[in-house]
Amino acid sequence: MAEPSPPPDAAAPAGSQPQEADRLRDMLLAPGYLKMLALCALVGIPVSFAAFWFLVALHESERLLWVDLPHDLGWDAPAWWWPLPLLLVAGLLVGLIASRLPGAGGHIPASGLHAGGTAPHTLPGVLLAALASLPFGAVLGPEAPLIALGGGLALLFRDVARAPVTPQSTALMGAAGAAAAIAAIFGNPLVVAVLLIEIAGVGGPRLFAVLLPALLSSGLGALVFTALGRWTGLGTGSLGLKLSSAPPRLDAPDVLWSLLVAIAIAAAMRLVLGAGQRVATFTKDAVIVRTVLCALGAAACAAVYALSTGRSPAEVATSGQAALSALASDPHTWGVGALFAVLALKGTAYTLCLGSLRGGPIFPAVFLGAAAGVLLAPLPGLGVIPAMAIGMAAATAATLRLPVSSVVLVALLLDTPGLMPLVILAAAVAFITAEVLPSGRRRPADGGPEAAGAAA
């Protein structure tokens, strides 16, 4: 009976171990790769210009519609009915774009983010649909149109430069363009790099199988180090810088609540995403009429919120980016009733917009997680800042199914290193919960339905 062959690593002679590094060096020094690398670097310049002015157009249009016009009419804030005509226009325009222009205005937000390069001829529809959605009050963010803008311009630049058209060049140029564009909104290249690695699914499911234990062990390890240092009074040295204000002091209730709250928020966000996918199925037929109905439903949520709380309807409409800043700076101005109302009504409006209008899913999810954290902050031993960190990390990880990106994004927003263990635990637990729940949305493969929809 023949002896089994030894595993490759054991069979390989000791001198062949650096072969992987040799192959990497050969690839980096290959003329074709160096040319593509230079092309990717150059394309970041025009893409960044385009992304900057696109974001300026979105910001100024939103300010005009939600701040300047109400003030010109003599109101301190938009009237309760203000979202109704705006989102009626948004629904009508997006419906027309989705049914008449190539690419259907981009992929449906409920399908998640993807890093596939957008075909250049679909870019006008993508940009018009975003401009018709986001400033008019769609409960979505600008990240998906930015990724499409960057990827589409990069591929256009490749075609103009007459670079070889291969699957590898399409992937590289699309990712480079998307990274340059989305960096404009996050303002941090590290977040963008991690986000695109996870969106592209580099390594497939194996990547997540390796990352999750690493995330959990690093978070728990940080908690153990913190506890031992506090109990013993000893130190091991630290690379951390001294900050002007001390981070919140973590304790056992914070850890316990981070697990329980993350599970609850992940379950709630899975329901929102599942409902958003059903809305997307609903709008496939009779696109214009049903898109208008969904947009009006989102507007009705904002109007009901304004009538029931006396607050601005913009806190339910729009992405929530401005409201998140107000919530984080002074969470005590939000009563329990307002928090319940914004969670229920913005969550419903988010569901409707996910399946009908055009934009990205990140910022509304971050806001909903933060609002849930503020609402749960009175739990014994929790506190507002740790609760917000837990809520934001859990909601983002459950929505995007990108745990490392969620950790990096929330860490960037909070800028509080002492909360990192809670952020890591909440993101990892929420990701696992969202994946194992029945009917959970699985991460699409690269070039899957979303990419097909964007390139249609």
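Residues numbered from 1 in each chain as written. Predicted model: local features only at pLDDT ≥ 70, side-chain atom pairs only at ≥ 80, totals over all residues. Heavy atoms only, no water.

### Considering the overall build of the chain
Broken down by element type, the chain carries 18 helices and zero strands. Scored against the burial criterion, the 456 residues of the chain give a buried share of 47%. For the chain, the proportion of contacts with a sequence separation of at least 24, taken over those separated by at least 6, is 78%. Surface summary for the chain: the accessible area is close to 21000 Å², and the carbon and sulfur share equals 70%. (Helix = DSSP H or I, 4+ residues; strand = E, 2+ residues; numbered from the N terminus. Buried < 20%, exposed > 50% of the residue type's maximum accessible area, 1.4 Å probe, protein only. Contact = heavy atoms within 4.5 Å. Areas by Shrake-Rupley, 256 points an atom, 1.4 Å probe, with all protein chains shown as cover.)

### Comments concerning the packing of aromatic side chains
Scanning the model with the defined rule gives five aromatic pairs in all. Taken together, the ring pairs connect Trp75, Trp81 and Trp82 into an aromatic cluster. The ring of Phe282 has Arg290 sitting right over it, with the charged end atom 4.5 Å from the ring centre. Over the face of the ring belonging to Phe367 we find Lys346, whose NZ or CZ atom lies 5.3 Å from the ring centre. (Phe/Tyr/Trp six-rings, centres within 6.5 Å; stacked < 30°, edge-to-face > 60°. Lys NZ or Arg CZ within 6 Å of the ring centre and 35° of its normal.)

### Quick notes on a nonpolar patch on the surface
On the surface, Leu42, Ile45, Phe49, Phe52 and Trp53 cluster together into a nonpolar patch covering about 590 Å² of accessible area. Inspection of the secondary structure puts Phe52 in helix α3 (residues 31-72). According to the relative accessible area criterion, Phe52 is partly exposed, its value standing at 45%. (Patch = residues over 30% accessible without salt bridge, like charges linked within 9 Å, V, L, I, M, F, W, Y side chains within 5 Å. Salt bridge = Lys/Arg side-chain N within 4 Å of Asp/Glu carboxyl O.)

### A word on the packing of helix α4 (residues 83-100) against helix α11 (residues 287-309)
At a minimum axis separation of 8 Å, α4 and α11 run at an interaxial angle of 155°. With respect to their mutual orientation, α4 and α11 come out roughly antiparallel. Here α4 and α11 pass one another in a crossing that is right-handed. Residues Pro83, Leu84, Leu87, Leu88, Gly91, Leu92, Val94, Gly95, Leu96, Ala98, Ser99 and Arg100 of α4 touch α11, and the partners they reach there are Val287, Ile288, Thr291, Val292, Ala295, Leu296, Ala298, Ala299, Ala300 and Ala302. Partitioning the contact of α4 with α11 into residue classes produces 17 nonpolar, four polar and one charged. (Axes fitted to C-alpha atoms, helices over the stretch in contact; angles between N-to-C directions. Parallel < 35°, antiparallel > 145°, perpendicular 65-115°, else oblique. Left-handed = near helix turned anticlockwise from the far one by under 90°. Nonpolar A, V, L, I, M, F, W, Y, C, P; charged D, E, K, R; others polar.)

### Regarding the pattern of salt bridges
Applying the stated rule across the entire model yields three salt bridges. Measuring nitrogen to oxygen at the nearest pair gives 2.9 Å for the salt bridge that ties Glu315 to Arg311. Where Glu435 meets Arg401, a salt bridge forms, and the shortest distance between an N and an O atom there is 3.1 Å. In this pair, Glu435 sits in helix α17 (residues 420-436) while Arg401 sits in the loop between α15 (384-400) and α16 (403-414), placing the two residues 34 residues apart along the sequence. Owing to a relative accessible area of 16%, Glu435 belongs among the buried residues under this scheme. Taking relative accessible area as the criterion, Arg401 reaches 1% and is therefore assigned buried.

### Digging into unusual backbone geometry
Phi angles above zero are rare outside glycine, and Ala286 is one such case at about 50°. A relative accessible area of 47% means that Ala286 is categorised as partly exposed. One non-glycine residue with positive phi stands out, namely Thr318, at about 70°. Within the secondary structure layout, Thr318 lies in the loop between α11 and α12 (321-329). For Thr318, a relative accessible area of 7% puts it in the buried group.

### Re α4
Spanning 18 residues, α4 covers 25 Å between terminal C-alpha atoms, matching the ideal 26 Å at 1.5 Å per step. Among the residues of α4, Pro83, Leu86, Leu87, Ala90, Gly91, Val94, Gly95, Ile97 and Ala98 are the ones counted as buried. Taken down its axis, α4 places every buried residue within 165° of arc, on the same side. (Expected span 1.5 Å × (residues − 1). Arc of directions from axis to C-beta.)

### What to know about helix α6 (residues 143-160)
Spacing of three or four residues puts side chains on the same side of an α-helix, whose turn is 3.6 residues. When the terminal C-alpha atoms of α6 are compared, their 26 Å separation across 18 residues agrees well with the 26 Å that a helix rising 1.5 Å per residue should span. Positive backbone phi, at 60°, marks Arg162, one or two positions downstream of α6.

### Details of the confidence of the model for the chain
Residues with a pLDDT of 70 or more make up 74% of the chain, whose mean pLDDT is 79. This model gives residues 1-17 a pLDDT under 50, and the stretch forms three contacts once residues within four places in sequence are excluded. The low-confidence segment residues 440-456, where pLDDT is below 50, has 43 contacts with residues more than four positions distant or belonging to other chains. (pLDDT = per-residue confidence, 0-100.)

### Here we look at the environment of Val272
Counting through the fold element by element, Val272 comes out in helix α10 (residues 252-282). On the basis of relative accessible area, Val272 is assigned to the buried category, the value being 13%. On a C-alpha basis, the gap between Val272 and Thr348 in space is 7.7 Å, while along the polypeptide they are 76 residues apart. If we ignore the near neighbours within four places in the chain, the residues touching Val272 are Gly347, Tyr350, Thr351 and Leu354.

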